[in-house]
Amino acid sequence: MTKDVHELFSQLLHRYSGDFRRELKNDVTGPQLLLLERLYLGGPMKMSDCAEQLRLTVSAVTLQADKLLKIGYLDRTRSEEDRRVVMLSLTEEGRRVLEEYLAIRKRVLDHYFGKLTTEELQTFGRLFQKILAEPNG
């Protein structure tokens with residue numbers, strides 16, 4: 001039974017990712033979208049805080065941020081009080097791309113979850129909460 005659940009979950013993720021990527025009209029990667037979303041939800045923040053919230057290293061966030069800076073989706077500034085502190089924030093273009101991503105994500109997820117009843121959705125919600133309540137790693 002467990003093997004079946006693993007295989008079905010893997011198939012669902014693969015199909016969702018393919019459907020999502022077909023609708024997304026840019027080359028922003030998953031990790032880059034997560035960084036944009038974190039800044040969209042939390043506002044400008046220190047690079048180290050982004051890394052902590054995303055459970056990544058600062059160097060991993062720096063790599064993604066550099067790519068997003070180059071294409072104009074992020075701004076990077078240094079704190080006037082402590083020049084070692086690097087702040088990241090979304091540009092208007094970054095905000096537009098992230099809002100497009102959120103709309104696509106909602107549309108694709110609605111396609112999948114729209115097939116379920118209210119009761120089934122509530123069950124899924126409880127199961128997701130249970131799975132996510134466990135510490136990661």
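This text follows the structure it describes.
Rules of the game
- Residues numbered from 1 in each chain as written.
- Predicted model: local features only at pLDDT ≥ 70, side-chain atom pairs only at ≥ 80, totals over all residues.
- Heavy atoms only, no water.
- Helix = DSSP H or I, 4+ residues; strand = E, 2+ residues; numbered from the N terminus.
- Buried < 20%, exposed > 50% of the residue type's maximum accessible area, 1.4 Å probe, protein only.
- Contact = heavy atoms within 4.5 Å.
- Areas by Shrake-Rupley, 256 points an atom, 1.4 Å probe, with all protein chains shown as cover.
- Lys, Arg positive; Asp, Glu negative; His and termini not counted.
- Charge placed at Lys NZ, Arg CZ, Asp CG, Glu CD.
- Arc of directions from axis to C-beta.
- Pairing = 2+ DSSP bridges.
- Patch = residues over 30% accessible without salt bridge, like charges linked within 9 Å, V, L, I, M, F, W, Y side chains within 5 Å.
- Salt bridge = Lys/Arg side-chain N within 4 Å of Asp/Glu carboxyl O.
- Phe/Tyr/Trp six-rings, centres within 6.5 Å; stacked < 30°, edge-to-face > 60°.

K.L.:
Explain the overall build of the chain residue by residue, including any values.
P.N.:
In terms of helices and strands, the chain carries six helices and three strands. Its helices and strands taken in sequence order, the chain reads α-α-β-α-α-β-β-α-α from the N to the C terminus. Counting only residues that meet the buried cut, the chain has 26% of its 137 residues in that class. Partitioning the contacts of the chain with sequence separation of at least 6, the portion at a separation of at least 24 is 53%. On the chain, roughly 9,900 Å² of surface is accessible, and the fraction owed to carbon and sulfur atoms is 55%. Averaging the coordinates of the 22 positive side-chain charges in the chain and doing the same for the 21 negative ones gives two points 3 Å apart.

K.L.:
Report on helix α3 (residues 47–54), specifying residues and quantitative values.
P.N.:
Buried within α3 we find M47, C50, A51 and L54. The buried residues of α3 all sit within an arc of 100° when viewed along its axis, so they share a single face. In this structure, the buried side of α3 is in contact with α2 (30–42), β1 (45–46), α4 (58–70), β2 (74–78) and β3 (86–90). Backbone geometry just downstream of α3 places R55 in the positive-phi region, at approximately 60°.

K.L.:
Would you mind going over the sheet that holds β2 in detail, with residue names and values included?
P.N.:
Ordered by their spatial adjacency, three strands build an open sheet running β1-β3-β2, and the pairing between neighbours is antiparallel. Both edges of this open sheet fall to β1 and β2, since each of them pairs with a single strand only. Here two bridges tie β1 to β3, and the two strands are oriented antiparallel to one another. Of the residues in β3, the one forming a bridge with K46 is M87.

K.L.:
Describe the side chain of T91, with residues and values.
P.N.:
Within the secondary structure layout, T91 lies in the loop between β3 and α5 (92–113). Overall, T91 belongs to the buried group, its relative accessible area being 14%. The contacts of T91, once residues within four sequence positions are left out, are G72, Y73, L74 and D75.

K.L.:
Explain a nonpolar patch on the surface residue by residue, including any values.
P.N.:
Taken together, the side chains of F124, F128, I131 and L132 define a hydrophobic patch exposed on the protein surface, amounting to about 410 Å² of accessible area. By the secondary structure assignment, I131 is in helix α6 (residues 118–133). For I131, a relative accessible area of 58% corresponds to the exposed category.

K.L.:
Got a sec to walk through the pattern of salt bridges? Specific residues and values, please.
P.N.:
Under the definition given, this model contains eight salt bridges. With its nearest N and O atoms 2.6 Å apart, the salt bridge here joins D110 to K106. Here K106 and D110 lie together in helix α5, a separation of four residues that amounts to about one turn. The class of K106 is exposed, set by a relative accessible area of 52%.

K.L.:
Hey, could you go over the packing of aromatic side chains for me, with residue numbers and the actual values?
P.N.:
The final tally for this structure, using the stated rule, is five aromatic pairs. With a centroid separation of 5.2 Å and 35° between ring planes, the pair formed by F124 and F128 is classed as tilted. With a gap of four residues between them, F124 and F128 both fall in helix α6, about one helical turn apart. Here a set of aromatic residues connected by ring pairs shows up, and it is made of Y16, F20 and Y101.

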